[in-house]
Amino acid sequence: MTPEARPVTTPAGARRAALLTPGAGLYSARVAWRHSLRFRLALTYSALSAALLMLITLGVVSLLLSRMEQQFVDRLNDRADTLAEAFTNLGGGFGQSATGPSAYTLVVDPDGQVIAASPALREFQNSPYPFGTLSRVPVQGTTVRAVKRKAGDFGTLWVGLPEDDLIAARQSALSALLLALVTAPLILLLTGWWVGRRALAGLENAANLADRLDPAVSLAPLPLPAREDEVQRLLVAINSLLGRIEAQQAREKQLLGQIVHELGAPLTVLKASLSRAEARLGDPEVARAALVADELTFTTQDLMQLARGQLELKLAWHYIPAGTLRDRLDRLVPGTTFTGDWGTGILCDPDRLTQALRNLLANGRRHAGADGTVTLDLRDTPEQLCFRVRDSGPGLPPELGEQIFEPFVSGAGSSGLGLSVARQIARMHGGDLSGTNHPDGGALFTLTLPGAALGDDGDDLDDADVLDEPPLTPVGGTGI
C-alpha cells in the first residue's frame, strides 16, 4: 500500500464497525465513575435529599427553639405575676412564693433602693437597684433574664430566671444541625449509590450483554427480565433492532451470493478458454488476460467468503505436504521466492489456506511491482507453523494500522477484501494474521497456524485426510 492510501468505507462497513467497536453500547463496565449514570443519579438524589432534609431540619429546629423560648417567657411571666399578686394580696406570702434554688427576686422601693432580695441576690439588699433597664444580667456566673411588675405599695418587683438550660438546648440544637449538614450528604450519597446499584442492576446487565454483541458471530436476541419496566422495554427495542440487522445481513449475503454465482460460471469458462489460447498461441496479451481472469476468480472467492462469514463455513481438514501447497502457490502467483522448511506437513483446509496465502502473495506482488521481490518463508515448530510474506514495496501506511484487515479498505485499487479474508481464514484454523513493516523496507505479513505433528499411526489427524494434492474446488461450487 502506498503512503497516500486511505481507507474506503462503505455505509454497511461503517455500521458494522460501529457495532464491533470495543466499548460501544449503552454502558461499559470500565467507564469512569464520574461518567456513571448510577453515580449521577446518586449525586442528584443526595443533593436534592440533603437540601430538603436541611430545610426540614432547619424548620423543625427553629420551631423547637421558638417553642422553648416561648415556654421560658411564659414561665418567667407566670412567676412574676404570681409574686406580684402575692405582694398585692399580703396574705399570699412573699417568702413562700420566692423561695427555691432558681428564685431571683428583688423589691425596689420608689426611691430606687433594694428593700428585699432573694437569697441568691442578698448582696444587693439595702443598696441602689443595680441593673437599670437591662433584661438580661449576669448573676454569679449565670445569665438571668428578668421582668418587672408593680408590687402594690412596696414599689417595683424584679423577677428573673436563669437561661442556662435554654442556652444549652439552643447550642445542642445548633450542633445537631451542623452535624447533620456534614454527615447527611455523605450518608445520602452512599445510600443513593447502593439504591442506584440495585435499581440499575438490570440495566447494567443488559448493557453488558449488548456490549458483547458481535454481528459477525451471532445476533441472538437478548434475554428479557421478568419485570416489565424500562429495562425490559429497552431490551425489546434492542432485540427488534437485532432482528432488522439480521434480516438486512441475510438480504446482503443472498444478493452477494447470487452475484458471485452468476460470475462464477462465466469466469470458469473464460479461464479455461484463455488457458487453452495461451498454450496454443503463446501470445503475451492472452497471458495477461488469463492473469486478469485469475484475479477476478479469486475476487469472487473472497466475496463468497465475506458473504458466508465464519458461521456458515465448514473447514475440510486434510493433512498435506507443505511442498504441494508451495507448488500450487507458485502456479497462482509466479515469481514468488520460497524459503524455509517446506518438507513438513500441514493440517489445514487446503483450499482455504491456499486462498489466504495467495491473497497475501498477490497483495505483495501488487505493491512490489514487476521488478520487485515477494518472499514466502515457512518456519515449523512444535507449537505452530509460521508463514511470513515479505515484499519489496513501500510498506504499510502507519495511519491505517489494523484497518488494513477490514473489508473494503484498500489503497491500491483492489477490492480491499484479500487481507480481511486471509485473516478470517487464519482464525478459522485457530491461528492469526498480523502485518507490519520490515526493518529493511517493505511490508511483512505473518500468518500462524497451530502445529499438528503427524504420528506414526496417523492418530493425531482425527478425521482429517492425508492428501498428496490439495483439492481444487471451482468457484461457485460448494467449497467456496
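As the structure is a computational prediction, the values presented were derived from the model and not from experiment.

## Comments concerning the overall build of the protein
Part 1 of the argument: When its secondary structure is counted, the protein shows 10 helices and 13 strands.
Part 2 of the argument: Put simply, the protein has 480 residues, and 38% of those count as buried.
Part 3 of the argument: Contacts in the protein between residues far apart in sequence, at least 24 positions, make up 64% of those at least 6 positions apart.
Part 4 of the argument: As displayed, the protein offers around 26500 Å² of accessible surface, 58% of which is attributable to carbon and sulfur atoms.

## Concerning the packing of helix 5 (residues 201-211) against helix 6 (residues 230-281)
Part 1 of the argument: Between helix 5 and helix 6, whose axes approach to 9 Å, the crossing angle comes to 15 degrees. Viewed along their axes, helix 5 and helix 6 adopt a mutual orientation that is roughly parallel. For the element pair helix 5 and helix 6, the recorded crossing hand is left-handed. Here Gly202, Leu203, Ala206 and Ala210 of helix 5 come into contact with helix 6, specifically with Val231, Leu234, Leu235 and Ile238.
Part 2 of the argument: Residue composition of the contact of helix 5 with helix 6, by class: seven nonpolar, one polar and no charged.

## Here's the deal with the pattern of salt bridges
Part 1 of the argument: Across all of its chains, the model carries 11 salt bridges by this definition.
Part 2 of the argument: Its salt-bridge partner being Asp81, residue Arg149 comes within 2.7 Å of it at the nearest N-O pair. Placement of Arg149 in strand 4 (residues 142-150) and of Asp81 in helix 2 (residues 37-88) is noted, with a sequence separation of 68 residues between them.
Part 3 of the argument: Looking at Arg149, the relative accessible area reads 23%, which means it is partly exposed.
Part 4 of the argument: Relative accessible area serves as the criterion here: at 40%, Asp81 is assigned to the partly exposed category.
Part 5 of the argument: When the shortest N-O distance is used, the salt bridge between Arg145 and Glu163 registers 2.4 Å. Placement of Arg145 in strand 4 and of Glu163 in the loop between strand 5 (156-162) and helix 4 (164-199) is noted, with a sequence separation of 18 residues between them. No difference in accessibility class separates Arg145 from Glu163, as the two residues are buried.
Part 6 of the argument: Through salt bridges that share partners, Glu69, Arg136, Arg145, Glu163 and Arg170 make up one connected network.

## A closer look at the UniProt feature "transmembrane region" (unreviewed entry) in the protein
Part 1 of the argument: According to UniProt, the "transmembrane region" (unreviewed entry) feature falls on residues 43-65 and 176-195.
Part 2 of the argument: What you have in residues 43-65 is 100% helix and 0% strand, and the ends, taken at the C-alpha atoms, are 32 Å apart.
Part 3 of the argument: Between the C-alpha atoms that bound residues 176-195 the distance is 26 Å, and the span itself is 100% helix and 0% strand.

## Points about a nonpolar patch on the surface
Part 1 of the argument: A contiguous nonpolar surface patch, about 280 Å² in accessible area, is contributed by Leu52, Ile56 and Val60.
Part 2 of the argument: Exposure remark for Ile56: the relative accessible area of 47% places this residue in the partly exposed category.

## Some remarks on the nonpolar core
Part 1 of the argument: Of all hydrophobic cores here, the largest spans 40 residues; its most connected members are Ile346, Leu353, Leu360, Phe387, Phe445 and Leu447.
Part 2 of the argument: Examining the composition of this core, we find that six residues originate from one element, helix 9 (residues 350-368), more than from any other.

## Remarks on the packing of helix 9 against helix 10 (residues 418-428)
A packed helix pair is summarised by two numbers, namely the angle formed by the two axes and the spacing between the axes.
Part 1 of the argument: Packing of helix 9 against helix 10 brings their axes to within 9 Å, and their N-to-C directions diverge by 145 degrees. Note on packing geometry: the crossing formed by helix 9 with helix 10 is left-handed. Within the contact between the two elements, helix 9 uses Arg352, Leu353, Gln355, Ala356, Asn359, Leu360 and Asn363 and helix 10 uses Gly418, Leu419, Val421, Ala422 and Ile425.
Part 2 of the argument: Taken together, the residues of the contact of helix 9 with helix 10 break down into seven nonpolar, four polar and one charged.

Rules used throughout
Residues numbered from 1 in each chain as written. Predicted model: local features only at pLDDT ≥ 70, side-chain atom pairs only at ≥ 80, totals over all residues. Heavy atoms only, no water. Helix = DSSP H or I, 4+ residues; strand = E, 2+ residues; numbered from the N terminus. Buried < 20%, exposed > 50% of the residue type's maximum accessible area, 1.4 Å probe, protein only. Contact = heavy atoms within 4.5 Å. Areas by Shrake-Rupley, 256 points an atom, 1.4 Å probe, with all protein chains shown as cover. Axes fitted to C-alpha atoms, helices over the stretch in contact; angles between N-to-C directions. Parallel < 35°, antiparallel > 145°, perpendicular 65-115°, else oblique. Left-handed = near helix turned anticlockwise from the far one by under 90°. Nonpolar A, V, L, I, M, F, W, Y, C, P; charged D, E, K, R; others polar. Salt bridge = Lys/Arg side-chain N within 4 Å of Asp/Glu carboxyl O. UniProt positions renumbered as here; feature names shortened; annotations may be inferred. Patch = residues over 30% accessible without salt bridge, like charges linked within 9 Å, V, L, I, M, F, W, Y side chains within 5 Å. Core = buried A, V, L, I, M, F, W, Y, C linked by side-chain atoms within 4.5 Å.

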